[in-house]
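Listed here are the chains, written in short residue letters.
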Protein chains: 4
Amino acid sequence: MPQTPDTNRGLGHGASLWIADYGSPYEAYHYAVSDVLVWKRTEYQTMGVVRSPLFGKALILDGKWQSCTADEFLYHEPLVHPAMILHGAPKRVAILGGGEGATAREVLRWHSVERVVMIDIDGQVVNECRRHLDEMHQGAFDDPRLELIIGDAVDWLKTVDERFDVVISDLSEPVEQGPSFRLFTREYFAETRRVLEPRGIFVLQAGSVSPVDITLHARLIRTLAAVFEHVRPFSSAVPSFAQPWGFALASSLPLDPLPDPDAVDTIVAECINGPLEMLDGEAFIGLFMVPAHIRRAIDREHTVYTLEQPPTTYTGETR
Amino acid sequence: MPQTPDTNRGLGHGASLWIADYGSPYEAYHYAVSDVLVWKRTEYQTMGVVRSPLFGKALILDGKWQSCTADEFLYHEPLVHPAMILHGAPKRVAILGGGEGATAREVLRWHSVERVVMIDIDGQVVNECRRHLDEMHQGAFDDPRLELIIGDAVDWLKTVDERFDVVISDLSEPVEQGPSFRLFTREYFAETRRVLEPRGIFVLQAGSVSPVDITLHARLIRTLAAVFEHVRPFSSAVPSFAQPWGFALASSLPLDPLPDPDAVDTIVAECINGPLEMLDGEAFIGLFMVPAHIRRAIDREHTVYTLEQPPTTYTGETR
Amino acid sequence: MPQTPDTNRGLGHGASLWIADYGSPYEAYHYAVSDVLVWKRTEYQTMGVVRSPLFGKALILDGKWQSCTADEFLYHEPLVHPAMILHGAPKRVAILGGGEGATAREVLRWHSVERVVMIDIDGQVVNECRRHLDEMHQGAFDDPRLELIIGDAVDWLKTVDERFDVVISDLSEPVEQGPSFRLFTREYFAETRRVLEPRGIFVLQAGSVSPVDITLHARLIRTLAAVFEHVRPFSSAVPSFAQPWGFALASSLPLDPLPDPDAVDTIVAECINGPLEMLDGEAFIGLFMVPAHIRRAIDREHTVYTLEQPPTTYTGETR
Amino acid sequence: MPQTPDTNRGLGHGASLWIADYGSPYEAYHYAVSDVLVWKRTEYQTMGVVRSPLFGKALILDGKWQSCTADEFLYHEPLVHPAMILHGAPKRVAILGGGEGATAREVLRWHSVERVVMIDIDGQVVNECRRHLDEMHQGAFDDPRLELIIGDAVDWLKTVDERFDVVISDLSEPVEQGPSFRLFTREYFAETRRVLEPRGIFVLQAGSVSPVDITLHARLIRTLAAVFEHVRPFSSAVPSFAQPWGFALASSLPLDPLPDPDAVDTIVAECINGPLEMLDGEAFIGLFMVPAHIRRAIDREHTVYTLEQPPTTYTGETR
């Protein structure tokens, strides 16, 4: 086991295991890995929990970065709280996906919440996150209000009788070969609408809003608008995603006007357990102030994703 | 000149020249380069203008990504227009740095602007940008209102007698070894204040606002606050920087309340030549709605950069 | 043009332009680039001449490393001299490819050589190498014994009437889509044989001999053996190729026994102008002492490349 | 846990965990990792056993590639057998380092071997290799002829009374900060000589022989020559090291002339259990035919490593 003199001692490159995340064949974000807590093949994917010197612990699925302890709040707080705040007093919440448990964690902060159903397809991912990512779930899996269903959200959506105040789509990979692409189509947005209470709100992570990669986001907004009377896109900058990330709210009832910052601050103080990291009244307004180029990209888009024409890999339509 | 069978044809990896931008020893953003328009050593640095399949043409200084045609508007519009809008009718504007000419381009859109002084230390960079990056400058260097000074902004600031409505700091590298670190200290912020009209506004690019790299930003805000009565931080997500970017306005006069979106839309329509890409009334509000964790990071910070204790490399204090 | 504090000053990563050479999707060799001397699109390919802090000046074609001044002698001396030495007194030599001029340089060292014909398809590559890689060609292009033909070696081989003592195949990319894949088939090896003098020797670069990537090499040896009575594989370790490289001699006449080291030293001293870098009698013997696993890989292989079944990209047959 | 459409399915980049091995700040070899079998911090270092799609299972120490199942025979057969063959009938063999067990495996193939002492400092590395790298050790650790000592070879060498026919130095990192740099000095080569039988042979892995990185090798040869009357350098191309690797034999008795190929073949057939991968009579000769530039580099070198002036990192003397 020979070795040339180690040129890197003290330079930080001693940690020479890296995650290389190819956003496209033309760009890759490389994150150094200092420790591998778990790396295994599950029934559905390869999963890893690794430690990054910069970003803390991170979940990796099929070799792609999912979220990390250093900045996951910039994803999970916007994913959860705006929908909950606009609803006002959500009691029953469904989470599609969300394996890390961080989405459930934010939902369970709400005093009004009585029941959370989380449906994730990969029980091994959930178990390993539960074991290795307590900073993410913070005990959410032990909360008696949470029912965890290991199963396919596609099947669950079609058969469930219950109705929810908020449904949160926290899924990865809306691609043809992926397990979840159907959940990004008009047909399944209609199924989601079916399981919402009349005043219910649907929120989903909705892809990058980078100007070089915005087609998926724009089409998801168009697809939502084919099903719901009211849709609001918004976005949050998540550094470890290396690009600003889009979300969308959808409902049968109007989603405007937005409450003013003071009203949001009051709701946060009274309805939510513990302080939030990024979200307060001011930040809430900021999330919804969509830059003009994003609104124009959505306006110009007319494609609606259907089961016949679902999202595909970017080498096809989405670029 | 042998070669193994080309495994990459059609996979996008044919372009195997890459810019590797190490934000730290623990993360690197890699951009594929399909063409090198210019690569040369100037008196001050190594400069390149390259083409990226994803991000268009980009300027590289000392091997580090500066800006690119695909998303530079997400940097240059926030850098220029909020200060101009808050002023209302700027006539004289100074730009420290700004070699690509894109900052000057945005300034010169304003009908009220009568004179722009741009001071950049590296005439070769300016010349090559002028030659290869017309998408960036769009003829700004030929506008008779622009005076281009090739020189050190440090010297210029200390000796100039003129007064300006807006001063824009578009400088790179506030590090000890860099040419510009002094321009990020209390002493030079005071010099900048000296060259402002009484109602004048100073704006500067102010570093990353990523939660893992926010110290520089927080200290710059603190340093501005040691010199100016009123300071407002704001931020914009620039995908090719791989992280949200911070800015700051500073003035002797109050910078609030912000105009409402309709008022901003009116100003943009009446005072600015041609449509903007990202900025309108809604986006303007969004820029200033700072997430709570950034405000807290600034509140917690007490260090002020001075000539004796200037910004240094991140391996020292800034992390 | 903002920038975070430069973390890399003095760490060697200041040179953050890199060549990333993907030998396969599973391995890549990254070379830092400190200067780009030329980067342009020719009629046939994208070419670059870059400077590497470690490997000197290098030629890059279609984004792939070809050769560099620091170790090209480990490729070009084995490519040229063994065939010439075994011939003894070569007068007329043909070079297929060889754009850098380094193969011609080695051939022209031979006092016996009266005429060299070099056929390269890309005149712009040859011109830029002539201009920027004088360390490689060392004036070979100005030697009156050299005739440079810019054209397709496929056509030249089919039409030329002349006969040669040595023919050297210094071509890249024996892949279906590449310009040269036909020159690696039985049919064109037969054409090559046609242009050889009866005692003539054909030598070609013949791919990697790494155990994980040896199929191309083994099939080329088998294909040569389908045309020539006598074939000898050999190899040389070229560090900038990141793997040991294979070659082959082929002839109608026996290629053994090898001359002993002293005889080679005498030939080198008497027949060749100037000292060689790596080759003398001892090294000559070493080139031909093929490790057992390579001989076994050749023995096990039975595929012969033809125009109907030429070499293809590795994702197909060659792995 | 959002994700952009997976651009890499089927492209081979699905495996986006990589080992990045920086030979220097100017070059890095990146290996894709498809599985992490173990990754842990031991008392001495961080160790990993990973699977590479191209190179099989590999041992990683402190983030640096050590050896892999696909080509370790190109390192371990040259490390072990030439010394054993030149000795003729080794009975007692000592191995300094050699955690994977592959060096012991090759030694134990010899029918004449009665006793092997292997001294490795890191028991956890040995245990994990034993558990996860059976392709490497192939049961060597269970051979009753092997005594495994977990300890510092420096201490062992100074105190051991036994004498050995062959001593094999299979150590990593001859650098000032590393645990083993002392074992690459004149003083410890003298200790090694002390534990050799009069006809005994010492062999060590002796660094890269790439022309851009040959100083360490040349100095090790010079240091051996300061202690032993007879020294023979040799080399083998190991693709996963991305460069040809040097070794050296040292003895009080002459190491030449080399046996001829047929004699080696006879020894291999009669004295060694089972077929070898790369080594037979022909390959044996090839190992010792050192290219001229390597011999010149050794001739030009005069530095001898001592405890006062040991090998240091390459940023200092060794380049």
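The rules behind each value
Residues numbered from 1 in each chain as written. Chains lettered and ligands numbered in written order. Predicted model: local features only at pLDDT ≥ 70, side-chain atom pairs only at ≥ 80, totals over all residues. Heavy atoms only, no water. Least-squares fit on C-alpha atoms with pLDDT ≥ 70 in both. Pairing = 2+ DSSP bridges. Helix = DSSP H or I, 4+ residues; strand = E, 2+ residues; numbered from the N terminus. Axes fitted to C-alpha atoms, helices over the stretch in contact; angles between N-to-C directions. Contact = heavy atoms within 4.5 Å. Buried < 20%, exposed > 50% of the residue type's maximum accessible area, 1.4 Å probe, protein only. Polar contact = N/O pair within 3.5 Å; in protein donor to acceptor, adjacent residues only side chain to side chain. Buried area = accessible area lost by both parts, 1.4 Å probe. Salt bridge = Lys/Arg side-chain N within 4 Å of Asp/Glu carboxyl O. Parallel < 35°, antiparallel > 145°, perpendicular 65-115°, else oblique. Nonpolar A, V, L, I, M, F, W, Y, C, P; charged D, E, K, R; others polar. Right-handed = clockwise from strand over helix to strand, strands pointing away.

Draft legend 1. Region of the structure containing the relation of the copies chain D and chain C. Of the transformation placing chain D onto chain C, the axial shift is 0.0 Å and the rotation is 180 degrees, giving an RMSD of 0.0 Å. Expressed as a symmetry operation, the mapping of one chain copy onto the other fits a two-fold axis.

Draft legend 2. Broad picture of the sheet that holds strand S10 (residues 164-170) of chain C. Residue and element names in this part refer to chain C. On the basis of which strands lie adjacent, the open sheet formed by 7 strands has the order S9-S8-S7-S10-S11-S13-S12 and mixed pairing. Bordering the open sheet on either side are strand S9 (146-150) and strand S12 (230-238), each of which pairs with just one other strand. Strand-to-strand twist of the sheet, defined as the mean angle between neighbouring strand axes without regard to direction, takes the value 15 degrees. Each of S12 and strand S13 (243-251) touches helix H9 (residues 281-288); the most contacted strand, S12, lies at about 110 degrees to it.

Draft legend 3. Representation of H9(C) in the model. In terms of burial, H9(C) is a largely internal element, 7 of the 8 residues being buried. Among the residues of H9(C), Gly281(C), Ala283(C), Phe284(C), Ile285(C), Gly286(C), Leu287(C) and Phe288(C) are the ones counted as buried. Next to the buried residues of H9(C) lie helix H1 (73-87), S12, S13 and helix H8 (261-271) of chain C together with helix H9 (281-288) and helix H10 (292-300) of chain D. By the N-cap criterion, in which a side-chain oxygen at the helix start approaches the backbone nitrogen of a residue two or three places on, H9(C) is capped by Asp280(C), the distance to Glu282(C) being 3.2 Å.

Draft legend 4. Representation of the sheet that holds strand S3 (residues 35-41) of chain B in the model. All names here are of chain B. Strand order in the open sheet made by the 4 strands is S3-S4-S5-S6, with antiparallel pairing throughout. Looking at the sheet topology across the chains shown, the edges are occupied by S3 and strand S6 (64-68). Averaged over all adjacent pairs, the angle separating strand axes in this sheet is 20 degrees, with direction ignored. Across 6 bridges, strand S4 (residues 46-52) lies against strand S5 (residues 56-61) in antiparallel orientation.

Draft legend 5. Molecular detail of the interface of chain D and chain C. Between chain D and chain C, the contact holds 45 residues from the first and 45 residues from the second. At the boundary of chain D with chain C, total buried surface from both sides reaches about 3,800 Å², with 64% on carbon and sulfur atoms. When the area that chain D buries against chain C is broken down by residue, the three leading residues are Tyr26(D), Leu54(D) and Glu282(D), summing to 18%. Linking chain D with chain C are 6 salt bridges, by the criterion used here. Put simply, Arg295(D) and Asp280(C) hold a salt bridge, and the shortest N to O gap is 2.8 Å.

Draft legend 6. Up close: the packing of helix H1 (residues 73-87) of chain B against helix H9 (residues 281-288) of chain B. Residue and element names in this part refer to chain B. It is at 11 Å that the axes of H1 and H9 come closest, and there the two elements cross at 100 degrees. Classified by the angle between their axes, H1 and H9 sit roughly perpendicular to one another. Contacts from Pro78, Pro82, Ile85 and Leu86 in H1 reach Phe284, Leu287 and Phe288 in H9. In terms of residue class, the contact of H1 with H9 is built from 7 nonpolar, no polar and no charged.

Draft legend 7. Structural detail: the pairing of strand S7 (residues 92-97) of chain C. All names here are of chain C. The buried fraction of S7 amounts to 5 of the 6 residues, a majority that puts the element mostly inside the structure. Looking at chain direction, S7 and strand S8 (residues 115-120) are connected through 5 bridges and run parallel. Within S8, the position partnered with leucine 96 by the bridge is isoleucine 119. Once the chain exits S7 it traverses helix H2 (residues 102-108) before rejoining the sheet at S8, and the crossover so formed is right-handed. Strand direction decides the pairing type here: S7 and S10, joined by 5 bridges, are parallel. If you follow valine 93 over to S10, its bridge partner there is valine 166.

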